Amino acid sequence: MESQVMTNPEDIARLYRQLSLFPSLSRADVGPVITSQYGGKYSNIYTEWSQRDLERNDKVKFCRQYIVFHDDKSVVFSGASGSCTEIRGQLLSKDAPSGLMKAVVRECSVKGEDKQFLEIWSKNIKMKSINLTALKKHGKVYEDEQFGCLVWSHSETHLLYVAERQRPKAESFFQTESPELSSAADEDDTLRSERKEAVKGEQFVFHEDWGEALVSKSSPVLCVLDIEGDNVSVLEGVPENISPGQAFWAPNDTGVVFVGWWHEPFRLGLQSCPNRRSSLFYVDLTGGKCEQLSAGTSGVCSPRLSPDQCRIVYLECSVYGPHMQCSRLCMYDWYTKKTSVVVDVVKRPGQDGFTGVYSAQLSPQCWSADSQRIIVACPQCSRKDLLMVDISVGSVTSLTAKSDVGSWCLLTIERDLMVVSCSSPHCPPSLRVGFLPARDSQEEVVWVTLEDSQKLPDIDWQIMKFTPPPEQDNPQYPGLDFEALLIKPKEVKDGVKLPLVVIPHGGPHSVTVAEWLLPSSVLCRMGFAILLVNYRGSLGYGQDSVLSLPGNVGTQDVKDVQFAVENVLNGGDFDMQKVAVVGGSHGGFLACHLIGQYPGFYKACVARNPVINLASMMGSTDIPDWCMVEAGYDYSTESLPDPAVWEQMLNKSPIKHVTQVQTPVLLTLGEDDKRVPNKQGIEYYRALKAKQVPVRLLWYPGNNHSLSEVDAESDGFMNIALWLTQHLDS
């Protein structure tokens, strides 16, 4: 049968290079309203983007500014203001609310040593540059989204940020001072002090960290810079058993509000796991008293203060259980001290189609100007929509449901001017702005494009819905449907049937939405069709769907994927002899299950950092609770599973079916993966080698679970593409 698949490595590399040029948006800030000399109002919009640089093996970050003329309810004129500028060495930055100053945390090398500086800029002058490393008040500043922040006080006299706690210098029991140094008259006071405080025998003490993507982040502290006095202080009053982060200034700058995570009896991975016990706290600046604002029996994140400084909204979910799940949107009233649930967990979508809130975090700015509405971007089935929540009645309205764009992301909203990034499988991210209509208005948002992107007209996509057959229905959660995203070339030669690449997502409690996906786009342009399956257990379909999967991994999710594949193949447009499966993490778990449970059906398999054996993974992963929960058991830090539980974990794992595997397997592993340790992939590699099944293993140093460093991502894609062409053509 004739094929139209691209097979030449140079052509594939050229195509990957071409499509990897499209940048993605990571941030936007709206400046203050300025009135021109002719009476027109305008605001500057600052944006940050990232783009792969294959020559430098790096993700380049750059900024670009835009100018938007408006009348407070609609955009009159807009355009780019200047060209792009690459950002280097900048960990964090934040404009003061007035727009008159800017704070920057910068990391750079001085005489071969890495140092961190906190800079204050005003107009065209760097007013201050404070060497945080030299002050030795704390360790490295946190720049991550889990803990990190850089926040101006309302008075613009202080800055708040999070850093690692300063540890005493540790030295050997056999460290001795040279007589020359000890008698030197001009010896530096700091060096003398360090020697005095050095702790012997602590050099090799193990310090827990917060796991995958948060390596070396162990004991965060809240830090405040007094700008006028150049004084940095570490806030006191935070309980010793709490790790603080996501902090901001309380109304009237009386103290600091933050999220605190309990780290006793030990730390569990936080990345993509909001189900860790945590609470909202308030620490008073004058007395140092710390007050707990929420119950402390759930997981909370993303607190956001309203413009009128009266309310704080935040996301809340259950502790343990599925690592990602439907969240509650809660609100704390600063003056009445009462907490209410604005949007509760949604078990199943109602007639309005709303499926629940599934955001890992809220946008840094998400409140309307009247402090009555919240804008949330989150998955709704296989799309990502912008939702407007009225806090007084709890009503939820989609602002984008009628759009043909697959994915909307809120970058910021300021004075009701929303700045968004939107994309689809055939359209890379573009930048748009639009004003939120008045509260009682029936008007639609009028979106204005600030930066368009080139559409790929030769890519076609659709969302497909599936109802499992009666024998595969879940008796505890009956009647659940699921979906898949099908991406394929628009033009197909007569007589050609397309090869199909099946990609189940990881998680398992995550979702693939209809957004720009570089690997899928390149595969599609190569001539493959791609089926991305959102099996039962995915986010965006109601909490019942999420809860239906734990205890049923290796069966329900596997059968859902296979059912979707067979349904698509029965349509007749695809070559049943050229089907491959590709997956990462839990998607790799599914890929390896599928080739074991359906021997010979898939002609090629790629598994990226796959879960192979739940039982052996539990002792080495940063999220041991995940192994227990997905196997169908409650997790406790106080006890190990009994032998029957270990047996069930093994029975639900892909390694159970390895003796039936016939499909050639490509494994790609990250050396620094703390989520699914690379020993999982090696265990499968050895089992396949013993069975003489064709297997190849790629090992990526300096890469963690995401395999997202540019060298691993690009090399991984090329090897995956060539593995597929080799084994689907043979």
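Residues numbered from 1 in each chain as written. Predicted model: local features only at pLDDT ≥ 70, side-chain atom pairs only at ≥ 80, totals over all residues. Heavy atoms only, no water.

## Some details on the pairing of strand β37 (residues 665–670)
- Counting buried positions over the 6 residues of β37 gives 6, a clear majority of the element.
- Across the two faces of β37 the burial is the same, with Val665, Leu667 and Leu669 and Leu666, Thr668 and Gly670 all buried.
- Of the pairings in the sheet, the one linking β37 to strand β38 (residues 695–700) comprises 6 bridges and is parallel in character. Bridging from a neighbouring strand, leucine 666 pairs with arginine 696 of β38.
- Each parallel crossover has a hand, and for β37 linked through helix α12 (residues 679–691) to β38 it is right-handed. (Buried < 20%, exposed > 50% of the residue type's maximum accessible area, 1.4 Å probe, protein only. Helix = DSSP H or I, 4+ residues; strand = E, 2+ residues; numbered from the N terminus. Pairing = 2+ DSSP bridges. Right-handed = clockwise from strand over helix to strand, strands pointing away.)

## Remarks on helix α1 (residues 9–19)
- Every buried residue belonging to α1 is among Ile12, Leu15, Tyr16 and Leu19, and all of these are buried. Along the axis of α1, the buried positions cluster into a sector of 100°, meaning they face one direction only. Along α1, exposed side chains directed more than 90 degrees from the buried face belong to Glu10 and Arg14.
- Along its buried surface, α1 packs onto β3 (41–53), α5 (518–526) and α13 (710–729).
- Capping the start of α1 is the job of one residue whose side-chain oxygen sits 2.8 Å from the backbone nitrogen of glutamate 10: asparagine 8. (Arc of directions from axis to C-beta. Contact = heavy atoms within 4.5 Å. Polar contact = N/O pair within 3.5 Å; in protein donor to acceptor, adjacent residues only side chain to side chain.)

## Structural notes on the packing of aromatic side chains
- Overall, the coordinates contain 16 aromatic pairs when judged by the stated rule.
- Both rings, one in tyrosine 332 and one in tryptophan 334, keep their centres 6.3 Å apart while their planes meet at 80°; by these two values the pair is edge-to-face.
- By relative accessible area, which is 3% here, tyrosine 332 ends up buried.
- Following the ring pairs from residue to residue traces out a cluster consisting of Tyr142, Phe147, Trp210 and Trp261.
- The ring of tyrosine 46 has lysine 102 lying over it, and the distance from NZ or CZ to the ring centre is 4.7 Å. (Phe/Tyr/Trp six-rings, centres within 6.5 Å; stacked < 30°, edge-to-face > 60°. Lys NZ or Arg CZ within 6 Å of the ring centre and 35° of its normal.)

## Some thoughts on the sheet that holds strand β17 (residues 255–262)
- Reading across from one edge, β16-β17-β18-β19 is the order of the 4 strands in this open sheet, with antiparallel pairing throughout. If you trace the sheet from one side to the other, it starts and ends with β16 (242–249) and β19 (290–292), each paired once. Within this sheet the neighbouring strands show an average axis-to-axis angle of 30°, counted without direction.
- Here 7 bridges tie β17 to strand β18 (residues 278–284), and the two strands are oriented antiparallel to one another. In the sheet register, valine 257 faces β18, and the bridge partner there is tyrosine 282. (Axes fitted to C-alpha atoms, helices over the stretch in contact; angles between N-to-C directions.)

## Remarks on the pattern of salt bridges
- Under the definition given, this model contains 39 salt bridges.
- Its salt-bridge partner being glutamate 713, residue arginine 52 comes within 2.6 Å of it at the nearest N-O pair. Of the two residues, arginine 52 is situated in strand β3 and glutamate 713 in helix α13; the sequence distance between them amounts to 661 residues.
- Close ionic contact of aspartate 230 with lysine 128 constitutes a salt bridge, the shortest N to O distance being 2.9 Å. Taken together, the residues span a long stretch of sequence, with aspartate 230 in the loop between β14 (220–226) and β15 (231–234) and lysine 128 in strand β9 (residues 125–131) at a distance of 102 residues.
- Residue classification places lysine 128 among the partly exposed residues on the basis of a relative accessible area of 22%. (Salt bridge = Lys/Arg side-chain N within 4 Å of Asp/Glu carboxyl O.)

## Some thoughts on α12
- Counted at 1.5 Å a residue, the expected span for α12 with its 13 residues is 18 Å, and the 18 Å between its end C-alpha atoms agrees.
- For α12, every residue scored as buried is listed here: Gln680, Gly681, Ile682, Tyr684, Ala687 and Leu688.
- Of the residues flanking the end of α12, it is glutamine 692, one or two places downstream, whose phi is positive at about 60°. (Expected span 1.5 Å × (residues − 1).)

## Description of the sheet that holds β14
- If you walk across this open sheet you meet the 4 strands as β10-β11-β14-β15, and the pairing is antiparallel. With one partner strand each, in any of the chains shown, β10 (150–152) and β15 form the two edges of the open sheet. Here the strands of the sheet are splayed against their neighbours by 25° on average, with no regard to which way each runs.

## Considering the environment of glycine 139
- The topology assignment puts glycine 139 in the loop between α2 (132–135) and β10.
- Since its relative accessible area comes to 22%, glycine 139 is described here as partly exposed.
- Separated by 532 residues in the primary sequence, glycine 139 and glutamate 671 have C-alpha atoms spaced 26 Å apart.
- Residues within four places of glycine 139 in sequence aside, it is in contact with Gln116, Ala163, Glu164, Arg165 and Gln166.

## Things to note about the pairing of β16
- Buried residues dominate β16, accounting for 8 of its 8 residues.
- Note: β16 against β17, 6 bridges, orientation antiparallel. Bridge assignment links serine 243 to a residue of β17, and that residue is tryptophan 261.
- Taking the residues between adjacent antiparallel strands as the criterion, β16 and β17 are bridged by 5 residues, where asparagine 252 takes a positive phi near 65°.

## With respect to the packing of α1 against α5
- In the contact formed by α1 and α5, the axes pass within 10 Å of each other and the chain directions differ by 135°. With respect to each other, α1 and α5 are oriented oblique. Seen along the crossing, α1 lies across α5 with a hand that is right-handed. Between α1 and α5, the contacting residues are Ile12, Leu15, Tyr16, Gln18 and Leu19 on the first element and Leu518, Ser521, Val522, Arg525 and Met526 on the second.
- Its residues placed into classes, the contact of α1 with α5 shows 7 nonpolar, 2 polar and 1 charged. (Parallel < 35°, antiparallel > 145°, perpendicular 65-115°, else oblique. Left-handed = near helix turned anticlockwise from the far one by under 90°. Nonpolar A, V, L, I, M, F, W, Y, C, P; charged D, E, K, R; others polar.)

## Looking at the environment of glutamate 515
- Mapped onto the fold, glutamate 515 is located in the loop between β33 (498–504) and α5.
- The exposure class assigned to glutamate 515 is partly exposed, which follows from its relative accessible area of 28%.
- Sequence separation between glutamate 515 and alanine 631 is 116 residues; the distance between their C-alpha atoms is 31 Å.

## What about the side chain of threonine 663?
- The residue threonine 663 is located in the loop between α11 (643–651) and β37 in this model.
- Judged by relative accessible area, threonine 663 falls into the buried class, the value being 1%.
- Not counting chain neighbours up to four residues away, the residues in contact with threonine 663 comprise Ile595, Gly600, Tyr602, Lys603, Ala604, Cys605, Val693 and Pro694.

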